[in-house]
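Summary of structural features
So the chains spell out like this:
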Amino acid sequence: RLFHPSNRSVQVVESTDNHLRSPIRRRGRSQIFRDHDKVEDSIEEEEVAEYLSEDRKVFLQSVIVRIMKKAKQMSHSTLVEEATLTAQTRYKAKVSDIKNTIDTLLSQQYIRRDNKDANKYVYVS
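Let me sum up the structure you'll find in this document. Please read all numbers here as calculations on a predicted model, not as lab measurements. (Residues numbered from 1 in each chain as written. Predicted model: local features only at pLDDT ≥ 70, side-chain atom pairs only at ≥ 80, totals over all residues. Heavy atoms only, no water.)

A few points about the pairing of strand β5 (residues 120–123)
In regular strands, side chains alternate between the two faces of the sheet. Here strand β3 (residues 73–75) pairs with β5 via three bridges, running antiparallel. In the strand pairing of β5, Gln73 is matched with Val122. Where strand β4 (residues 111–113) lies against β5, three bridges are found, and the strand directions are antiparallel. Note that in β5 the partner of Ile111 across the bridge is Tyr123. (Pairing = 2+ DSSP bridges. Helix = DSSP H or I, 4+ residues; strand = E, 2+ residues; numbered from the N terminus.)

Some words on a nonpolar patch on the surface
Residues Val48, Tyr51 and Leu52 make up a contiguous nonpolar surface patch of about 300 Å² in total accessible area. Considering the arrangement of structural elements, one finds Leu52 in helix α2 (residues 29–71). (Patch = residues over 30% accessible without salt bridge, like charges linked within 9 Å, V, L, I, M, F, W, Y side chains within 5 Å. Areas by Shrake-Rupley, 256 points an atom, 1.4 Å probe, with all protein chains shown as cover. Salt bridge = Lys/Arg side-chain N within 4 Å of Asp/Glu carboxyl O.)

Structural notes on the sheet that holds β4
A sheet is described by the order of its strands in space; here three strands give the open sequence β3-β5-β4, paired in antiparallel fashion. Across the chains shown, the open sheet's two edge strands, defined by having one partner strand only, are β3 and β4. Averaged over all adjacent pairs, the angle separating strand axes in this sheet is 30°, with direction ignored. Relative to β3, helix α3 (residues 76–87) is tilted by about 95°, and along the sheet it contacts β3 and β5. Packed onto the sheet, helix α4 (residues 95–107) meets β4 and β5 and runs at close to 95° relative to β4. (Axes fitted to C-alpha atoms, helices over the stretch in contact; angles between N-to-C directions. Contact = heavy atoms within 4.5 Å.)

Structure representation (structure tokens):
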């Protein structure tokens, strides 16, 4: 029923258009619950991915610090190779993640570049 305030009359309109029906009747209740579950699942997956990302960053930092603590000095390529091999027990680390972690450790002053060779890192005790 449609109400028109200009002439104050009520007009009955029959419609079979699906876009005018409620979403519950159009798709059914079970479909709405499935859609809701999909949204919850995607939110949960995002939270898990964020947690894993943070956990992996901390893991890579600890791996690199342990390697540098043992070696005291190491070239960049050797450090990346050692970190990749060590991290392989838990997950396949990307080289870009390892480089970002090295930069983070440089800024946090756990390691520093060698004064004579910029390609080498020195563990700061």
